[in-house]
Amino acid sequence: MSGITLTAGVRQNLQTLQSTADLLATTNNRLATGNKVNSAVDNPNSYFTAAGLNNRASDLSTLQDSMGLAVQTINAASQGIDAISKLVSQAKSTANQALQADYHSANLSLDVTAKDYSASGASKTLTIKIGDHASTSITLTQNVTSAGVLKAAISAAGISGLSVSTSGTAVKLTVASGENVTVGGTSTATGEALDNTALTSTDGIDDRQVYVDQYNKLLTQIDEQAGDASFNGVNLLQSGTTLSVVFNEKGDSKLDIEGKDVSSTGLGLTSVSDWTSKTKINATISALDKATTTLRAQSTAFGNNLSVVQNRQSFTKNMISTLQTGASNLTLADSNEEAANLLALQTRQSLATTALSISNQANQSITKLF
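Residues numbered from 1 in each chain as written. Predicted model: local features only at pLDDT ≥ 70, side-chain atom pairs only at ≥ 80, totals over all residues. Heavy atoms only, no water.

Focus on the overall build of the protein
As a reminder, the rule being used: Numbering of helices and strands starts at the N terminus; helices are DSSP runs of H or I of at least 4 residues and strands are runs of E of at least 2. Each residue is placed in one exposure class: buried if its accessible area under a 1.4 Å probe, protein chains only, is under 20% of its type's maximum, exposed if it is over 50%, and partly exposed if it falls in between. Contacts are residue-level and defined by heavy atoms, with any inter-residue pair within 4.5 Å sufficient.
A count of helical and extended segments in the protein gives seven helices and eight strands. Across the 370 residues of the protein, 34% fall into the buried class. Once local pairs closer than 6 in sequence are excluded, the contacts in the protein between residues at least 24 apart make up 73%.

Quick look at the structure:
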């Protein structure tokens, strides 16, 4: 109000009270919000610098969540490899059991009504093959009067590992190694008695087939296990899969993790129709050993990748904390300091009010002269 004239003392005290009131309002606001910089008006440099730090911390926090998903994806793949390794080990155990089992014996049935190969130009050639070894040919040129005569002819050939016995009109061939015995025959005689069908029959017990069935079922389980190792739609146990883990907000720091096909096909394992020889079984065991080596190498690769991602995850967590701390140092108020300021301002306000009252009393004393 321009029409009112205040003395210098009163005006000075009034200005002090107004300044104190402004400072009290600022201090109360800092205590209420916890910030000494609440807008760009308070301190433009601190406000925008803190905003930049907080924005980067927010971006890194989003990336940290992605790293957490990547860690679980790698863990799922590693657990899948562990499970598949156990299945491969079980398959190898099955193959080793098959090595200890007998395959089957071959029986040669004789028709005793017509068996004379002693005539001129008549002969019967038997071909006996054990496993994958070279075959042995035995030519019959005599009168085969019984199973014993045929047994003697075969025994005379001296086939290593072959045991020959008779049972009625049948000759039974077995081998101690348990390998398959196959027999073939050709004839130049008319009115053939020992027909080829009888000579290639394989009567007996096949203990290995049950292991063949078990092995093939394990391969199916390996395929299913590899297909079930996905996490969040990403399966690192399949070829053509790449998991990209981004480490910074610019996207120029990242780790690409390549998937690996660890199905039975990817491991070089194929189903088997028979284990008629130890050679076939040993070939399967060799393939299983290679599969185990592949799984161990891939497990190590996943372990290294997991370590890298976890290290960056920890680093990112610490970086977020550093950025947030830096932003807080620029904007947060010191509650202890502000509380002390509030107490001091309240005291100043009280003193200023008292001083203003005294100044008014001095003016009032002049009126007493009238």
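Focus on the nonpolar core
We count it as follows: Here, the term nonpolar core denotes a set of buried Ala, Val, Leu, Ile, Met, Phe, Trp, Tyr and Cys residues that are joined through side-chain atoms within 4.5 Å.
Core analysis: the biggest nonpolar cluster contains 47 residues, and Ile84, Leu267, Trp275 and Val309 have the highest contact counts within it. Considering each element in turn, this core owes the most residues, 16 residues, to helix H2 (residues 44-100). The residues contacting Leu267, other than those within four sequence positions of it, are Ile84, Val88, Ile222, Asp261, Val262, Ala291, Thr294 and Leu295.

As for the packing of aromatic side chains
Two aromatic rings are characterised by how far apart their centres lie and by the angle between their planes. Defined as follows: Only centres within 6.5 Å qualify two rings of Phe, Tyr or Trp (six-membered ring in Trp) as a pair; their planes then separate them into stacked at under 30 degrees, edge-to-face at over 60, and tilted for everything else.
Applying the stated criterion across every chain, the model contains two aromatic pairs. With a centroid separation of 5.3 Å and 80° between ring planes, the pair formed by Tyr47 and Phe48 is classed as edge-to-face. Residue Tyr47 is classed as partly exposed on the basis of its relative accessible area, which comes to 31%. Ring geometry for Tyr215 against Trp275: centres 5.4 Å apart, planes inclined by 55°, an arrangement best described as tilted. On the criterion of sequence distance, the pair formed by Tyr215 in helix H5 (residues 209-227) and Trp275 in the loop between strand E8 (254-258) and helix H6 (278-331) is long-range, its members being 60 residues apart. Here Tyr215 matches Trp275 in class, with each residue buried.

Some details on the packing of H2 against H6
Here is the rule: Working convention: axes come from line fits to C-alpha atoms, limited for helices to the stretch in contact. Angles between N-to-C directions cover 0 to 180 degrees. Angles below 35 degrees are treated as roughly parallel, those above 145 as roughly antiparallel, those between 65 and 115 as roughly perpendicular, and all remaining angles as oblique. For a crossing to be left-handed, the near helix must be turned anticlockwise from the far one by less than a right angle; the clockwise case is right-handed. All amino acids are sorted into three groups, where Ala, Val, Leu, Ile, Met, Phe, Trp, Tyr, Cys and Pro are nonpolar, Asp, Glu, Lys and Arg are charged, and the leftover types, Gly among them, are polar.
Two elements in contact, H2 and H6, have axes whose closest approach is 7 Å; the angle formed by their N-to-C orientations is 165°. Put simply, H2 runs roughly antiparallel to H6. Judged by the twist between their axes, the crossing of H2 over H6 is left-handed. Taken together, the residues of the contact of H2 with H6 sort by class into 29 nonpolar, 21 polar and six charged.

Things to note about the pairing of strand E2 (residues 124-130)
Condition: Paired strands, as defined in this entry, are two strands with at least two bridges between them according to DSSP.
Going residue by residue along E2, you find Lys124, Leu126, Ile128 and Ile130 tucked away on one face and Thr125, Thr127 and Lys129 left uncovered on the opposite face. Where E2 meets strand E3 (residues 136-140), five bridges bridge the pair, whose relative direction is antiparallel. Residue Leu126 lies in a different strand from E3, and its bridge partner there is Ile138.

Here we look at unusual backbone geometry
Unusually for a residue other than glycine, Asn232 sits at a positive phi of about 55°. Tracing the backbone through its elements, the reader meets Asn232 in the loop between H5 and strand E7 (242-246). In this structure Asn232 comes out as exposed when scored by relative accessible area, which is 58%.

With respect to the pattern of salt bridges
When the charged atoms of two side chains lie near each other, side chains of opposite charge can form a pair. Note the following rule: We count a salt bridge whenever a side-chain nitrogen from Lys or Arg sits within 4 Å of a carboxyl oxygen from Asp or Glu.
Evaluation of the coordinates by the stated rule reveals three salt bridges. Between Glu249 and Arg56 there is a salt bridge; the shortest N-O distance is 2.9 Å. In this pair, Glu249 is assigned in the loop between E7 and E8 and Arg56 in helix H2, connecting sequence segments 193 residues apart. Classification of Arg56 as partly exposed rests on a relative accessible area of 33%. The shortest N-O distance in the salt bridge between Lys92 and Asp289 comes to 2.8 Å. One end of the pair, Lys92, is in helix H2; the other, Asp289, is in helix H6, and 197 residues separate them in sequence.

So, the packing of H2 against H5
At their nearest, the axes of H2 and H5 sit 9 Å apart, and the two run at 170° to each other. One way to sum up the angle between H2 and H5 is to call them roughly antiparallel. Taken together, the residues of H5 that come into contact with H2 (itself represented by Gly80, Ala83, Ile84, Leu87, Val88, Gln90, Ala91, Thr94, Gln97 and Ala98) are Tyr211, Gln214, Tyr215, Leu218, Gln221, Ile222, Gln225 and Ala226. Taken together, the residues that form the contact of H2 with H5 break down as eleven nonpolar, seven polar and no charged.

Notes on the side chain of Thr94
Mapping Thr94 onto the fold places it in helix H2. Assessed through its relative accessible area of 5%, Thr94 is described here as buried. Not counting residues within four places of it along the chain, the set of residues in contact with Thr94 comprises Tyr211, Gln214, Tyr215, Leu218 and Trp275.

Considering the environment of Leu63
Relative to the helices and strands, Leu63 resides in helix H2. Each C-alpha atom of the pair Leu63 and Gln313 lies 8.9 Å from the other, and the pair is 250 residues apart in sequence. If we ignore the near neighbours within four places in the chain, the residues touching Leu63 are Val246, Phe247, Asn248 and Glu249.

Overview of the environment of Asp65
Tracing the sequence through the fold places Asp65 in helix H2. In the structure, Asp65 is positioned 248 residues away from Gln313 in sequence and 8.9 Å away in space, judged by C-alpha atoms.

Quick word on the environment of Ser58
Turning to its location among the elements, Ser58 is positioned in helix H2. Taking the C-alpha atoms as reference points, Ser58 and Ile320, 262 residues apart in sequence, are found 7.9 Å from one another.

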